[in-house]
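Each chain, letter by letter, is given below.
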Amino acid sequence: SFCQFEDKMKDEGVVKGVVIKDGNEIQGYIKKTGTTWTNGKSFDAPWQFQDGIKFIPKDVFETTEKIKGKMYESIEPKDYSGFRYEDLIFESVKYADMSAVGMGMMGKQMFMRRISEDKISIFHYFSLPPSVVGSEGFEPYYKECGTPQLVSRVGKEGKLKLVNDMNIEKELADCPMV
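This is a predicted model, so every value here is computed, not measured.

**Some points on the layout of surface pockets**
Part 1 of the reasoning: Counted as a void, the second largest pocket has a volume near 310 Å³.
Part 2 of the reasoning: Around the second largest pocket, the lining comprises 19 residues; the ones closest to its centre are Thr-33, Phe-49, Tyr-85, Leu-88 and Phe-90.
Part 3 of the reasoning: Mapped onto the lining of the second largest pocket, the elements with two or more residues apiece are strand 2 (24–31), strand 7 (82–85) and strand 8 (88–95).

Rendered as structure tokens:
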């Protein structure tokens, strides 16, 4: 029955979604991530999906009575072009976070939520919190990293740039109404 199915989705912590590989859409269910804890408080952790998600194909989820963790596939941005659920669209993109010192400055394939798509596409990027912090604890980092930074891309193949680092006049030079 529908109610049992809704309960199963809730128990498994999944949402109905689609992953896209080689232009093909695969129907299924995406494991919800995006929560972290410190000092007994929960925080949104939207950076968690950037490296990948857990996915179970529709037929496996709907025909298996007892879902086991190993039934979920790891969907990584290097192998898939994106995923969707509800009205959210995530695209696999290569991005170098120039504000992060160290490894983040090297371009890396990741999933980013696409907010709009036109001549200039806008994405949400989330910084990663540090793995070690001082006496201030993780809370201020989780709050800061839970806030999206806007990243733009001109055209389909353009390089992704942090919006506040972008020269707006140069980027919009061919737009007549600016």
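**Some points on the sheet that holds strand 10 (residues 120–125)**
Part 1 of the reasoning: Ordered in space as 6-5-2-1-7-8-9-10-11-12, the 10 strands form an open sheet in which the pairing is antiparallel. Bordering the open sheet on either side are strand 6 (73–75) and strand 12 (161–162), each of which pairs with just one other strand.
Part 2 of the reasoning: Note: strand 5 (residues 53–57) against strand 6, three bridges, orientation antiparallel. Across the sheet, the residue bridging to Lys-54 is Ser-74, located in strand 6.

**A closer look at the pattern of salt bridges**
Part 1 of the reasoning: Counted according to the given criterion, the structure contains 12 salt bridges.
Part 2 of the reasoning: Linking Arg-84 and Glu-25 is a salt bridge whose minimum nitrogen-to-oxygen distance equals 2.6 Å. In this pair, Arg-84 sits in strand 7 while Glu-25 sits in strand 2, placing the two residues 59 residues apart along the sequence.
Part 3 of the reasoning: A salt bridge links Asp-51 to Lys-108; the nearest nitrogen and oxygen atoms lie 2.6 Å apart. Of this pair, Asp-51 sits in the loop between strand 4 (41–44) and strand 5 while Lys-108 sits in strand 9 (residues 108–116); the two residues are 57 residues apart in sequence, bridging distant segments of the chain.
Part 4 of the reasoning: Each of the salt bridges in this network shares a partner with another, and the network as a whole consists of Glu-91, Arg-114, Glu-117, Arg-153 and Lys-156.

**Brief notes about the environment of Gly-23**
Part 1 of the reasoning: Its location among the elements puts Gly-23 in the loop between strand 1 (14–21) and strand 2.
Part 2 of the reasoning: The class of Gly-23 is exposed, set by a relative accessible area of 65%.
Part 3 of the reasoning: Once the C-alpha coordinates of Gly-23 and Ser-81 are considered, the two residues, 58 residues apart in sequence, prove to be 7.7 Å apart.

**Things to note about the packing of aromatic side chains**
Part 1 of the reasoning: Going through the model one piece at a time under the given rule, you end up with 12 aromatic pairs.
Part 2 of the reasoning: Ring geometry for Phe-5 against Tyr-29: centres 5.9 Å apart, planes inclined by 70 degrees, an arrangement best described as edge-to-face. Within this pair, whereas Phe-5 is found in helix 1 (residues 2–12), its partner Tyr-29 is found in strand 2, the two being separated by 24 residues in sequence.
Part 3 of the reasoning: Ring plane angle 80 degrees and centroid distance 6.1 Å describe the contact between Phe-49 and Phe-126, whose orientation is recorded as edge-to-face. Placement of Phe-49 in the loop between strand 4 and strand 5 and of Phe-126 in the loop between strand 10 and helix 3 (139–145) is noted, with a sequence separation of 77 residues between them. The pair Phe-49 / Phe-126 is uniform in exposure class, with both members buried.
Part 4 of the reasoning: Among the aromatic residues, those joined into a ring-pair cluster are Phe-49, Phe-83, Tyr-85, Phe-90, Phe-111 and Phe-126.
Part 5 of the reasoning: Between Lys-21 and the ring centre of Tyr-80, over which it is positioned, the NZ or CZ distance is 4.8 Å.

About the criteria used
- Residues numbered from 1 in each chain as written.
- Predicted model: local features only at pLDDT ≥ 70, side-chain atom pairs only at ≥ 80, totals over all residues.
- Heavy atoms only, no water.
- 1 Å grid on protein atoms, 1.4 Å probe; cavity = no way out; pocket = protein on both sides within 12 Å on 5 of 7 lines; lining within 4 Å.
- Points joined across faces, edges and corners; volume = space filled by probe spheres on them.
- Helix = DSSP H or I, 4+ residues; strand = E, 2+ residues; numbered from the N terminus.
- Pairing = 2+ DSSP bridges.
- Salt bridge = Lys/Arg side-chain N within 4 Å of Asp/Glu carboxyl O.
- Buried < 20%, exposed > 50% of the residue type's maximum accessible area, 1.4 Å probe, protein only.
- Phe/Tyr/Trp six-rings, centres within 6.5 Å; stacked < 30°, edge-to-face > 60°.
- Lys NZ or Arg CZ within 6 Å of the ring centre and 35° of its normal.

Geometry only, nothing functional implied.
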